[in-house]
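Structure at a glance
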Number of protein chains: 2
Amino acid sequence: MEEQVETLGKSFVDHYYHLFDADRSSLSSLYQPTSMLTFEGQKFVGAADITAKLRGLPFDQCKHAVSTIDSQAAAATGGIVVFVSGSLHLLGEEHPLRFSQVMFHLLPTIHGTFFVQNDIFRLNYG
Amino acid sequence: MEEQVETLGKSFVDHYYHLFDADRSSLSSLYQPTSMLTFEGQKFVGAADITAKLRGLPFDQCKHAVSTIDSQAAAATGGIVVFVSGSLHLLGEEHPLRFSQVMFHLLPTIHGTFFVQNDIFRLNYG
């Protein structure tokens, strides 16, 4: 069970950043109307607003490098909580930004997949 | 509603670190048998094991300084997800450790309070 949670968490994170780095608009498929994103303290609700925020970030091409992934079963939801840390490389910038992409709280869909109910993003300034 | 979530998250974080810095053993009151802690990649389940891990950390006196708190309602659980970042000052050490204390997933108890269902801790090495 715990191994399955780790595997699901890792698969999700790989998929999420693959979409993010290839075409941010396609991330809308991973959010639903109830989804919430807190991005550097700013709140967005629903797939449309969340995707608009992510699409509007002031850079075009980027590449995420994931350092750590921690996943746990979220009792009472059938979901998973995932914490990710890593770095974000922007095209033309020499130094990557370090980030803590907390947390995803994933909930199961009726199709046996997961969507992002809760998403909190913070950069690390160090 | 959203303001209430922020206020609850902040109250919880204040309370948690107050207990942590005053007497780590007393944190057991905030966990239950189903609770999970992932501490730098190592998993612990249940209030007893979690408290043993926290009590056994290789320092006596410490003081947490919180930098950011992000809270969201966790749909389908009546709970709250909270992400905290900050630093940890150890007695006798000049330089604080930077941490990302993700995430708490708090669930309501039958007494109208909250307990920690999910807890993931990572230090930032920068």
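Residues numbered from 1 in each chain as written. Chains lettered and ligands numbered in written order. Predicted model: local features only at pLDDT ≥ 70, side-chain atom pairs only at ≥ 80, totals over all residues. Heavy atoms only, no water.

1. Section: the overall build of chain A
- In terms of helices and strands, chain A carries two helices and six strands.
- For chain A, the sequential pattern of α-helices and β-strands runs α-β-β-α-β-β-β-β.
- Expected size for 126 residues packed as a compact globule is a radius of gyration near 14 Å; at 14 Å, chain A falls within 12% of this value.
- Structurally, chain A occupies a C-alpha span of about 45 × 30 × 25 Å along its principal axes.
- Looking at chain A as a whole, 51% of its 126 residues are labelled buried.
- The contacts of chain A with a sequence gap of at least 6 include a subset with a gap of at least 24, amounting to 48%. (Helix = DSSP H or I, 4+ residues; strand = E, 2+ residues; numbered from the N terminus. Rg over C-alpha atoms; globule rule 2.2 N^0.38 Å. Buried < 20%, exposed > 50% of the residue type's maximum accessible area, 1.4 Å probe, protein only. Contact = heavy atoms within 4.5 Å.)

2. Quick notes on the interface of chain A and chain B
- Taken together, the contact between chain A and chain B spans 32 residues of the former and 32 residues of the latter.
- Buried area between chain A and chain B, both sides added, is near 2500 Å², and the carbon and sulfur share of it is 57%.
- Counting every contact that joins chain A to chain B gives four salt bridges.
- Close ionic contact of D70 of chain A with R122 of chain B constitutes a salt bridge, the shortest N to O distance being 2.7 Å.
- Residue assignment for the side of chain A that touches chain B shows that the elements contributing at least two residues are α1 (2-22), β1 (31-39), β3 (62-74), β4 (79-90), β5 (97-108) and β6 (114-123) of chain A. (Buried area = accessible area lost by both parts, 1.4 Å probe. Salt bridge = Lys/Arg side-chain N within 4 Å of Asp/Glu carboxyl O.)

3. Points about the pattern of salt bridges
Residues and elements named next belong to chain A.
- With the rule as written, the count across this model stands at six salt bridges over all chains.
- K10 is the partner of D14 in a salt bridge, and the nearest nitrogen-oxygen pair spans 2.8 Å. Here D14 pairs with K10, and both are found in helix α1, just four residues apart, close to one helical turn.
- What makes D14 partly exposed here is its relative accessible area of 40%.

4. Topic: the relation of the copies chain A and chain B
- Once turned by 180° and shifted 0.0 Å along the axis, chain A lies on chain B with an RMSD of 0.0 Å. Those values place the two copies in the arrangement expected of a two-fold rotation axis.
- Both copies present the same face, since 100% of the interface residues in chain A are matched by interface residues at the equivalent positions in chain B. (Least-squares fit on C-alpha atoms with pLDDT ≥ 70 in both.)

5. Considering the packing of aromatic side chains
Residues and elements named next belong to chain A.
- Within the structure shown, the criterion is met by 15 aromatic pairs over all chains.
- Measuring from ring centre to ring centre gives 4.8 Å for Y16 and F104, while their planes differ by 55°; the resulting arrangement is tilted. Here Y16 is found in helix α1, whereas its partner F104 is found in strand β5, with 88 residues between them in sequence.
- Using a relative accessible area of 0% as the deciding quantity, one classes F104 as buried.
- Each residue in the set F12, Y16, Y17, F20, Y31 and F104 is aromatic and connected to the rest through ring pairs, giving one cluster. (Phe/Tyr/Trp six-rings, centres within 6.5 Å; stacked < 30°, edge-to-face > 60°.)

6. A few points about helix α1 (residues 2-22) of chain B
Residue and element names in this part refer to chain B.
- Compared with the 30 Å implied by 1.5 Å per residue over 21 residues, the 30 Å span of α1 between its first and last C-alpha is a close match.
- Where α1 is concerned, the buried positions are V5, G9, F12, V13, Y16, Y17, L19 and F20. Looking straight down α1, one finds that the buried residues subtend no more than 155° of arc, so they occupy a single side. Opposite the buried face of α1, by more than 90 degrees, sit the exposed residues E3, H18 and A22. (Expected span 1.5 Å × (residues − 1). Arc of directions from axis to C-beta.)

7. A word on the side chain of D119 of chain B
All names here are of chain B.
- Considering the arrangement of structural elements, one finds D119 in strand β6 (residues 114-123).
- The buried charged residue D119 lacks any salt bridge, with R122 as its nearest oppositely charged partner at 11 Å.
- Of note is the side chain of D119, whose polar atom sits 2.6 Å from the side chain of Y31. (Lys, Arg positive; Asp, Glu negative; His and termini not counted. Polar contact = N/O pair within 3.5 Å; in protein donor to acceptor, adjacent residues only side chain to side chain.)

8. As for the confidence of the model for chain A
Residue and element names in this part refer to chain A.
- For chain A, the average pLDDT comes to 88, and 96% of its residues sit at 70 or higher.
- When pLDDT is averaged over each element of chain A, strand β2 (residues 42-45) comes out on top at 96 and β5 at the bottom at 79.
- Note on the complex model: pTM 0.89, ipTM 0.87. (pLDDT = per-residue confidence, 0-100.)

9. A look at unusual backbone geometry
Residue and element names in this part refer to chain A.
- Positive phi is not limited to glycine here, since E40 has a value of about 50°.
- Tracing the sequence through the fold places E40 in the loop between β1 and β2.
- Overall, E40 belongs to the partly exposed group, its relative accessible area being 26%.

10. Focus: the pairing of β6 of chain B
Residue and element names in this part refer to chain B.
- In terms of burial, β6 is a largely internal element, nine of the ten residues being buried.
- As judged from the five bridges shared by strand β1 (residues 31-39) and β6, these two strands associate in the parallel manner. Bridge pairing in β6 links T38 to I120. (Pairing = 2+ DSSP bridges.)

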